[in-house]
Amino acid sequence: MNKNILLKLTVAMALCCSVLVAEAQWSVGIKGGWDYTTITRSNAGRIDESYSGFSGYDAGIQARYGFTNWFALRADLSFMRRSHRMDRNLNYLDPVFTNHHNYYLMLPIMADFSFGGEKLRGHAYAGGYMGYWLRERRVGKTYWMTDYYVYFDDFNEVREFTNEDARFCAGLIGGLGISYKLDDHWGINLDALYYYDLVSHHRSSPNLRDPRYLNTLSITFGASYQF
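These numbers were taken from a predicted model, which means no experiment stands behind them.

Participant: What exactly am I supposed to notice about the overall build of the protein here?
Facilitator: Across its full length, the protein holds one helix and nine strands. Each helix (α) and strand (β) of the protein, taken in turn from the N terminus, gives the series α-β-β-β-β-β-β-β-β-β. When the 227 residues of the protein are sorted by exposure, 37% land in the buried category. Residue pairs in contact within the protein that sit at least 24 positions apart in sequence constitute 66% of those at least 6 positions apart.

Here you go:
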């Protein structure tokens, strides 16, 4: 009896796998668009600083493996600029600011749940990502003081990384999208994805907790080819 049940289960699993393989389809493409990043950071000890979001961009390639007509796995390889701004808010330092332009290589992997018709479909994405901090460029205005005057200077520089920088990042990703099938092979898609860092890009000292997390909304347009 047990052998019969095991045989039936094996046959059923084999049939399910054959159906999934028969319906599975690869698609690859490119994407590009706009992003907006904010930073989550404690204000402890920095009452004269305020932080705000800043725009950037997101460009890369996308790949999708569809198991059924409603479920797929998707992976992107993106070059992203995740920027934010710091302003000094003391009266005599109001002109002082720094735009932090952080360049990342990102790899999100997501479950793709789709719904809709044959050509136009909606998508809900959920998954995780990891990334690597490639470079930081700082643009802004700094100051220096004498006994009688405060002088301001513009700067535009690439910052050297230190031991306090954590260059690997990881987090959660989720979002929504729509896709339209142009013909049997080509399609286009519009996606809004939110990247939520779980790893601080700053290594705090034991005596001063100063974690810094980037959170990015990315809106991209893509085109893909289905094999």
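Participant: Whenever I open this one, the pairing of strand S8 (residues 186-197) confuses me. Can you help?
Facilitator: When a strand is regular, its side chains alternate between the sheet's two faces. Side-chain alternation along S8 places Gly-187, Asn-189, Asp-191, Leu-193, Tyr-195 and Asp-197 on a buried face and Trp-186, Ile-188, Leu-190, Ala-192, Tyr-194 and Tyr-196 on a face that remains uncovered. Across 11 bridges, the pairing between strand S7 (residues 168-181) and S8 is antiparallel. Within S8, the residue paired with Ile-178 across the bridge is Leu-190. Sheet analysis places S8 next to strand S9 (residues 212-226), joined by 11 bridges and oriented antiparallel. The residue bridging Tyr-195 from the neighbouring strand is Thr-216, located in S9.

Participant: Looking at this structure, I do not really get the pattern of salt bridges. What am I missing?
Facilitator: Side chains that differ in charge, positive against negative, can pair when their charged atoms come close. Going through the model one piece at a time under the given rule, you end up with 14 salt bridges. The partner of Arg-85 in a salt bridge is Asp-87, with the nearest N and O atoms 2.9 Å apart. Residues joined by salt bridges that share partners form a network here, namely Lys-31, Asp-58, Arg-74, Asp-76 and Asp-191.

Participant: Sorry if this is basic, but what is going on with the packing of aromatic side chains here?
Facilitator: Two aromatic rings are characterised by how far apart their centres lie and by the angle between their planes. Scanning the entire structure with this criterion turns up 14 aromatic pairs. Look at Tyr-57 and Phe-79: their rings are 6.3 Å apart centre to centre, the planes differ by 40°, and that puts the pair in the tilted class. Of this pair, Tyr-57 sits in strand S2 (residues 49-66) while Phe-79 sits in strand S3 (residues 71-88), and the two are 22 residues apart along the sequence. What makes Tyr-57 partly exposed here is its relative accessible area of 32%. Relative to Tyr-103, the ring of Phe-79 has its centre 6.0 Å away and its plane inclined at 15°; by these criteria the two rings are stacked. Placement of Phe-79 in strand S3 and of Tyr-103 in strand S4 (residues 97-116) is noted, with a sequence separation of 24 residues between them. Overall, the relative accessible area of 9% leaves Tyr-103 in the buried class. An aromatic cluster of three or more residues is present, and its members are Trp-26, Tyr-65, Phe-67, Trp-70, Phe-71 and Phe-113. In this structure, Arg-85 is placed above the aromatic ring of Phe-97, and the distance from its NZ or CZ to the ring centre is 4.2 Å.

Participant: It is not clear to me how the confidence of the model for the protein should be interpreted in this structure. Could you clarify?
Facilitator: Interpretation of the predicted coordinates at a detailed level should be avoided for regions scoring low in pLDDT. For the protein, mean pLDDT is 88; residues scoring 70 or higher make up 85% of the total. Considering only residues more than four positions removed or in separate chains, one finds that residues 13-22, a stretch of pLDDT under 50, has two contacts.

Participant: Explanation requested: the pairing of S9 in the structure shown.
Facilitator: Sheet topology places strand S1 (residues 25-41) next to S9; 15 bridges connect them, and they run antiparallel. Within the sheet, the bridge partner assigned to Thr-38 lies in S9 and is Asn-215.

Participant: Just to check I follow, could you spell out the layout of surface pockets for this structure?
Facilitator: Over the atoms, a rolled probe matching the size of one water molecule traces out where space is still vacant. Computed from the structure, the largest pocket encloses a volume of approximately 660 Å³. Contributing to the lining of the largest pocket are 32 residues, with Arg-64, Arg-121, His-123, Ser-179 and Gln-226 lying nearest its centre. Those elements giving two or more residues to the lining of the largest pocket turn out to be S1, S2, S4, strand S5 (120-145), S7, S8 and S9. Among the elements that make up the lining of the largest pocket, the one with the highest residue count is S8 (five residues). When its volume is computed, the second largest pocket comes out at roughly 370 Å³. Lining the second largest pocket are 20 residues, with Arg-41, His-100, Glu-136, Arg-138 and Arg-212 sitting closest to its centre. Of the residues in the lining of the second largest pocket, the class split is five nonpolar, seven polar and eight charged.

Thresholds, definitions, all that
- Residues numbered from 1 in each chain as written.
- Predicted model: local features only at pLDDT ≥ 70, side-chain atom pairs only at ≥ 80, totals over all residues.
- Heavy atoms only, no water.
- Helix = DSSP H or I, 4+ residues; strand = E, 2+ residues; numbered from the N terminus.
- Buried < 20%, exposed > 50% of the residue type's maximum accessible area, 1.4 Å probe, protein only.
- Contact = heavy atoms within 4.5 Å.
- Pairing = 2+ DSSP bridges.
- Salt bridge = Lys/Arg side-chain N within 4 Å of Asp/Glu carboxyl O.
- Phe/Tyr/Trp six-rings, centres within 6.5 Å; stacked < 30°, edge-to-face > 60°.
- Lys NZ or Arg CZ within 6 Å of the ring centre and 35° of its normal.
- pLDDT = per-residue confidence, 0-100.
- 1 Å grid on protein atoms, 1.4 Å probe; cavity = no way out; pocket = protein on both sides within 12 Å on 5 of 7 lines; lining within 4 Å.
- Points joined across faces, edges and corners; volume = space filled by probe spheres on them.
- Nonpolar A, V, L, I, M, F, W, Y, C, P; charged D, E, K, R; others polar.

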